[in-house]
Amino acid sequence: MQPCVLNPLQGRLRWTLPCARALAFTGMLSGLLSGLLGVGGGFVIIPALGRYTNLDMKSMVATSLAVIALVSSGSLLTASLSGVMQWAVGAPFALGALLGLLGGRQVAQRLAGPRLQQAFALVGIGAAVLLAGNTLVGQ
């Protein structure tokens, strides 16, 4: 049984200790992987939400994007205040990411939940193969 389930009358999660514990653990793992490797957001949050909640795929994606946006905003502020933010690199990258996000949202609206999960799995496998290939060939 999933520790976090939606209350059908309110459409919100029922907050229990097991639910809070599962989501806090997921947040810590995502933050740890993000800090160590620069990954973690969607690759940890979405599968964990699928395991611990009964949210639909579109809600999981939206939640993951919101968490990533909050963490990214904090990182942007910290990097800017410390003077290490490279705006010449970051601004075009952010613009491209925003355009990709808007395009991805259009595609996601046309995909059913299971197809969206399959697409996410394929992207994850592709990223893993590229990372492994770059690591093995580059070393």
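Preceding this section is the structure that the text describes.
Predicted, not measured: the structure shown is a model, and the values here were computed from it.

Draft legend 1. Structural view of the overall build of the chain. In terms of regular secondary structure, the chain is built from five helices and two strands. Put simply, the chain runs from its N terminus to its C terminus through helices and strands in the order β-β-α-α-α-α-α. A principal-axis box enclosing the C-alpha atoms of the chain has dimensions of 50 × 35 × 30 Å. For the chain, with 139 residues in total, the buried portion stands at 19%.

Draft legend 2. Seen up close, the packing of helix α3 (residues 57-82) against helix α5 (residues 113-138). It is at 9 Å that the axes of α3 and α5 come closest, and there the two elements cross at 45°. Classed by the angle they form, the pair α3 and α5 counts as oblique. In this structure, α3 uses Met 57, Lys 58, Met 60 and Val 61 to contact α5, whose residues at the interface are Gly 113, Leu 116, Gln 117 and Phe 120.

Draft legend 3. Representation of a nonpolar patch on the surface. On the surface, Phe 25, Met 28, Leu 29, Leu 32, Leu 36, Leu 37 and Val 39 cluster together into a nonpolar patch covering about 720 Å² of accessible area. Within the secondary structure, Leu 32 is located in helix α1 (residues 17-37).

Draft legend 4. View of the packing of α3 against helix α4 (residues 87-109). At their nearest, the axes of α3 and α4 sit 14 Å apart, and the two run at 170° to each other. Taken together, the axes of α3 and α4 lie roughly antiparallel to each other. Contact residues: α3 offers Lys 58, Val 61, Leu 65, Leu 76 and Ser 80, while α4 offers Trp 87, Leu 101, Arg 105, Ala 108 and Gln 109. Of the residues assigned to the contact of α3 with α4, the class counts are six nonpolar, two polar and two charged.

Draft legend 5. Summary view of the state of the cysteines. The tally for this structure, following the rule as stated, stands at one disulfide. The residue that forms a disulfide with Cys 4 is Cys 19, at a sulfur-sulfur distance of 2.1 Å. Its S-S torsion of approximately 115° makes the covalent link between Cys 4 and Cys 19 right-handed. Of this pair, Cys 4 sits in the segment before β1 (6-7) while Cys 19 sits in helix α1, and the two are 15 residues apart along the sequence.

Draft legend 6. Region of the structure containing the side chain of Thr 53. Here Thr 53 shows up in the loop between α2 (41-52) and α3. Judged by relative accessible area, Thr 53 falls into the buried class, the value being 1%. Within polar-contact distance, the side chain of Thr 53 engages the backbone oxygen of Leu 49 at 2.5 Å. Ignoring sequence-local partners within four residues, the contact set of Thr 53 consists of Gln 2, Cys 4, Leu 23 and Ala 48.

Draft legend 7. Geometry of the nonpolar core. Listed in full, the nine residues of the largest apolar core are Ile 45, Ile 46, Leu 49, Leu 55, Met 57, Met 60, Val 61, Ala 108 and Leu 116. Contributing elements (two or more residues each) for this core: α2 and α3. What Met 60 contacts, discounting residues up to four positions off in sequence, is Ile 46, Leu 49, Gly 50, Leu 55 and Gln 117.

Analysis parameters
- Residues numbered from 1 in each chain as written.
- Predicted model: local features only at pLDDT ≥ 70, side-chain atom pairs only at ≥ 80, totals over all residues.
- Heavy atoms only, no water.
- Helix = DSSP H or I, 4+ residues; strand = E, 2+ residues; numbered from the N terminus.
- Buried < 20%, exposed > 50% of the residue type's maximum accessible area, 1.4 Å probe, protein only.
- Axes fitted to C-alpha atoms, helices over the stretch in contact; angles between N-to-C directions.
- Parallel < 35°, antiparallel > 145°, perpendicular 65-115°, else oblique.
- Contact = heavy atoms within 4.5 Å.
- Patch = residues over 30% accessible without salt bridge, like charges linked within 9 Å, V, L, I, M, F, W, Y side chains within 5 Å.
- Areas by Shrake-Rupley, 256 points an atom, 1.4 Å probe, with all protein chains shown as cover.
- Salt bridge = Lys/Arg side-chain N within 4 Å of Asp/Glu carboxyl O.
- Nonpolar A, V, L, I, M, F, W, Y, C, P; charged D, E, K, R; others polar.
- Disulfide = S-S within 2.5 Å.
- Polar contact = N/O pair within 3.5 Å; in protein donor to acceptor, adjacent residues only side chain to side chain.
- Core = buried A, V, L, I, M, F, W, Y, C linked by side-chain atoms within 4.5 Å.

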